[in-house]
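One-letter residues, chain by chain:
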Amino acid sequence: MAVIGVVGAGVMGIGVAQNVATGGHDVVLVDTTEEVLADARAAIHRNCRLSRMMGGPTLDPDEVLSRITTAVGLDELAKAELVIENVTENWEVKREVHAELDRVLPADTVVVANTSAIPITRIASVGTHPERVVGVHFMNPVPAKPVVELIPGFHTTPETLRRTRELLSDMGKRWVDVKDASGFVSNRVLMLTINEAAYLVHEGVATAESVDEVFRGCFGHPMGPLETADLIGVDTILYSVEVLYEHYADSKYRPCPLLKQMTDAGLHGRKSGRGFYTYNA
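Residues numbered from 1 in each chain as written. Predicted model: local features only at pLDDT ≥ 70, side-chain atom pairs only at ≥ 80, totals over all residues. Heavy atoms only, no water.

S.K.: Can you walk me through the sheet that holds strand β6 (residues 133–137) in this structure?
M.R.: Backbone-to-backbone hydrogen bonds pair the strands of a sheet. The strands run either parallel or antiparallel. Pairing is mixed across the open sheet formed by eight strands, whose spatial order is β3-β2-β1-β4-β5-β6-β7-β8. Only two strands of the sheet have a single neighbouring strand rather than two, namely β3 (68–72) and β8 (174–177). Going across the sheet, the axis of each strand differs from the next one's by a mean of 25°, ignoring polarity. As judged from the five bridges shared by strand β2 (residues 26–31) and β3, these two strands associate in the parallel manner. Bridge pairing links Leu-29 to Thr-70 in β3. (Pairing = 2+ DSSP bridges. Helix = DSSP H or I, 4+ residues; strand = E, 2+ residues; numbered from the N terminus. Axes fitted to C-alpha atoms, helices over the stretch in contact; angles between N-to-C directions.)

Structure, rendered in structure tokens:
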């Protein structure tokens, strides 16, 4: 697979595009505006420059970016042999994007849905070729996380899985095979933890700093749950919890009102400069 398409130039899409390019593939990165794409290229350059400092390999930013072209809209993806979708964890947004991908892409193009909670069979039902759709839950930051969840939908074919595993190998990833159930393994557990941690702050039981210190100091976690929420994105956490709540109709997934308020206020975590913590620009 020479050309890989990446949909969405947010935090996840930037990481995926960089990781695919360092794996030796040409990348077409698409989003809705040239401004977003320019910011994405600047972020990839910065991330490559800092890679060694952050414990990763030494990367030449210009060499990595030479493999990445950008485009507004999805039409340029028609030349890709595999496309990785990374838009926000909102069903209506996902549905619209996958309907458009179904229109633009040749029938044999593999479509990878990067999702943390939405069932793959539901995503595949949008298009006319559900057999080519598979789920991969990449972790953030993508280049630094060696393991992903690989989730086939009801119709996913062995050939689709083979080609996806081939790309994951090129990206240096190991995969854990998981059945198609909302939240898969990681987020069935993690979202409950983060949501309940947010309730502790919401109810005044403890500060965010205190909650995270318990998890770091008592359990040896490198990051507390609310630091993790800021890294993933508070809005993404909310959308994921809402998907779990809708899918399982179980009150244990009730979204914390504080997550809703923070999302409405634009306090999305690291990507916005402020979430449970405040970050330097």
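Next comes the rest of the account.
S.K.: I would appreciate a short explanation of the packing of aromatic side chains in the present structure.
M.R.: Centre-to-centre distance and the angle between the planes together describe a pair of aromatic rings. Inspection of every chain in the model, using the stated rule, returns two aromatic pairs. Directly above the ring of Trp-91 sits Arg-122, whose terminal nitrogen or CZ lies 4.2 Å from the centroid. Its end group placed over the ring of Tyr-199, Arg-254 keeps NZ or CZ at 4.7 Å from the ring centre. (Phe/Tyr/Trp six-rings, centres within 6.5 Å; stacked < 30°, edge-to-face > 60°. Lys NZ or Arg CZ within 6 Å of the ring centre and 35° of its normal.)

S.K.: When you look at the UniProt feature "domain: 3-hydroxyacyl-CoA dehydrogenase C-terminal" (unreviewed entry) in the protein chain in this model, what are you seeing that I'm missing?
M.R.: According to UniProt, the "domain: 3-hydroxyacyl-CoA dehydrogenase C-terminal" (unreviewed entry) feature falls on residues 183–279. Secondary structure within residues 183–279 divides into 62% helix and 0% strand; the distance between the first and last C-alpha atoms comes to 28 Å. (UniProt positions renumbered as here; feature names shortened; annotations may be inferred.)

S.K.: How do you make sense of empty space enclosed by the protein when you look at a structure like this?
M.R.: Any empty space left between the atoms is revealed when a probe the size of a water molecule rolls over them. Per the stated rule, a full pass over the model turns up one cavity of 30 Å³ or more. Looking at the largest cavity, the residues that line it are His-98, Leu-101, Asp-102, Val-111, Ile-123, Ala-124, Gly-127, Thr-128, His-129, Pro-130, Arg-132 and Val-133. Elements that contribute at least two residues to the lining of the largest cavity include exactly α4 (91–104) and α5 (120–124). For the lining of the largest cavity, the element with the highest residue contribution is α4, accounting for three residues. Here the lining of the largest cavity is built from residues that sort into six nonpolar, four polar and two charged. (1 Å grid on protein atoms, 1.4 Å probe; cavity = no way out; pocket = protein on both sides within 12 Å on 5 of 7 lines; lining within 4 Å. Points joined across faces, edges and corners; volume = space filled by probe spheres on them. Nonpolar A, V, L, I, M, F, W, Y, C, P; charged D, E, K, R; others polar.)

S.K.: Any chance you could explain the pairing of strand β4 (residues 82–85) here in plain terms?
M.R.: Each regular strand shows side chains that alternate between the opposite faces of the sheet. Alternating residues of β4 divide into Leu-82 and Ile-84 and Val-83 and Glu-85, and every residue in both groups is buried. Where strand β1 (residues 3–7) meets β4, four bridges bridge the pair, whose relative direction is parallel. Its bridge partner being in β4, Val-6 is matched across the sheet by Ile-84. For the crossover from β4 across α4 to strand β5 (residues 110–113), the handedness is right-handed. (Buried < 20%, exposed > 50% of the residue type's maximum accessible area, 1.4 Å probe, protein only. Right-handed = clockwise from strand over helix to strand, strands pointing away.)

S.K.: How should I be thinking about the UniProt feature "domain: 3-hydroxyacyl-CoA dehydrogenase NAD binding" (unreviewed entry) in the protein chain in this particular structure?
M.R.: In the UniProt entry, the feature "domain: 3-hydroxyacyl-CoA dehydrogenase NAD binding" (unreviewed entry) is given for residues 4–180. In residues 4–180, the share of helix is 37% and the share of strand is 21%. The end C-alpha atoms are 24 Å apart.

S.K.: Is there a simple way to explain the pairing of β6 in this structure?
M.R.: With respect to burial, β6 is a largely interior element, five of its five residues being buried. In β6, alternate side chains face the same way, and those of Val-133, Gly-135 and His-137 on one face and Val-134 and Val-136 on the other are all buried. As defined by bridge partners, β5 adjoins β6 across three bridges and the pair is classed as parallel. What sits directly across from Val-111, in β6, is Val-133. Across four bridges, the pairing between β6 and strand β7 (residues 147–152) is antiparallel. Residue pairing in the sheet places Val-136 in a bridge with Leu-150 of β7.

S.K.: I keep staring at the layout of surface pockets and nothing clicks. Help me out?
M.R.: A volume near 1400 Å³ is recorded for the largest pocket. For the largest pocket, the lining is made up of 38 residues, of which Asn-47, Met-54, Asn-140, Pro-141 and Leu-231 are closest to its centre. At the level of secondary structure, the elements contributing two or more residues to the lining of the largest pocket comprise α1 (11–22), α2 (34–49) and α9 (225–232). No other element matches α1, which puts six residues into the lining of the largest pocket. Looking at the lining of the largest pocket residue by residue, the classes come out as 17 nonpolar, 15 polar and six charged. Taken together, 45 residues form the lining of the second largest pocket, with Met-12, Phe-138, Asn-140, Ile-232 and Thr-236 sitting closest to its centre. Only α1, β2, α4, α7 (186–202), α9 and α10 (234–248) provide two or more residues apiece to the lining of the second largest pocket. Top contributing element to the lining of the second largest pocket by residue count: α7, with six residues. Broken down by class, the residue content of the lining of the second largest pocket amounts to 19 nonpolar, 19 polar and seven charged.

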